[in-house]
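Tertiary structure, described
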Amino acid sequence: MRRMLLVSILFAATAGPATAESLLPFTDPERVAAGEAVYRDYCAACHGAALEGEDDWRSPGPDGLMRAPPHDETGHTWHHADPLLIDIVTRGTEAVVGGDYRSNMMGFGDVLSEQEILDVLAYIKSTWPPRIIEIHEEVNRNAALYGN
């Protein structure tokens, strides 16, 4: 069922018009608050209580695994369209990136509901400055236009 919803979300996001809106309810205070709670419970231990990520996050740690990136405006989360972010949280970074990429970021598709995944991403997006949100919306439009 979760895979079916994920496929539906990904298809709707990539098949829509270039003016597609965000899939993330980042302007809904209740959903953002719910997402903040999910972030605190499942994400903050690695990505930081203030979304700051790990030090030297662009380099593998001593274990050879990529470190947790920040989700604030200093990171690269906002460089990715909503469907990709949803996929990463659902399946995990290694499953999405493939190849030799190694990370501790597991998939949460069997742990969190679809709404919880959308809510946590909405919380993250709600913390970005307006200019970063504008850029991210452009990323979403381009992804919808070009199907990626």
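The rules behind these values
Residues numbered from 1 in each chain as written. Predicted model: local features only at pLDDT ≥ 70, side-chain atom pairs only at ≥ 80, totals over all residues. Heavy atoms only, no water. Patch = residues over 30% accessible without salt bridge, like charges linked within 9 Å, V, L, I, M, F, W, Y side chains within 5 Å. Areas by Shrake-Rupley, 256 points an atom, 1.4 Å probe, with all protein chains shown as cover. Salt bridge = Lys/Arg side-chain N within 4 Å of Asp/Glu carboxyl O. Helix = DSSP H or I, 4+ residues; strand = E, 2+ residues; numbered from the N terminus. pLDDT = per-residue confidence, 0-100. Contact = heavy atoms within 4.5 Å. Core = buried A, V, L, I, M, F, W, Y, C linked by side-chain atoms within 4.5 Å. Buried < 20%, exposed > 50% of the residue type's maximum accessible area, 1.4 Å probe, protein only. Axes fitted to C-alpha atoms, helices over the stretch in contact; angles between N-to-C directions. Parallel < 35°, antiparallel > 145°, perpendicular 65-115°, else oblique. Nonpolar A, V, L, I, M, F, W, Y, C, P; charged D, E, K, R; others polar.

Some thoughts on a nonpolar patch on the surface
Taken together, the side chains of Tyr42, Met106 and Val111 present a nonpolar region at the surface, about 260 Å² in accessible area. Looking at the element boundaries, methionine 106 is found in the loop between α5 (93-97) and α6 (114-126).

Digging into the confidence of the model for the protein chain
Detailed reading of the predicted coordinates is not advisable wherever pLDDT is low. Within the protein chain, residue pLDDT values average 88, and 85% of them lie at 70 or more. Across residues 3-19, where pLDDT falls below 50, the model places 18 contacts with residues more than four positions away in sequence or in other chains.

Some thoughts on the nonpolar core
Of all hydrophobic cores here, the largest spans 24 residues; its most connected members are Tyr39, Leu121 and Ile124. Sorting the residues of this core by element identifies α2 (29-42), α4 (82-91), α6 and α7 (130-146) as the ones contributing at least two each. Element by element, the count of residues in this core is highest for α6, at seven residues. When sequence neighbours within four positions are dropped, the list of residues in contact with isoleucine 124 reads Tyr39, Leu51 and His71.

Notes on the environment of histidine 79
The topology assignment puts histidine 79 in the loop between α3 (44-47) and α4. Taking the C-alpha atoms as reference points, histidine 79 and glutamate 138, separated by 59 residues in sequence, lie 9.7 Å from one another.

Some remarks on the packing of α2 against α6
It is at 7 Å that the axes of α2 and α6 come closest, and there the two elements cross at 100°. Considered as vectors, α2 and α6 are oriented roughly perpendicular to each other. Side by side, α2 and α6 meet where Arg31, Val32, Ala34, Gly35, Glu36, Val38 and Tyr39 of the first sit next to Gln115, Glu116, Leu118, Asp119, Val120, Ala122, Tyr123, Ile124 and Ser126 of the second. Split into classes, the residues belonging to the contact of α2 with α6 amount to nine nonpolar, three polar and four charged.

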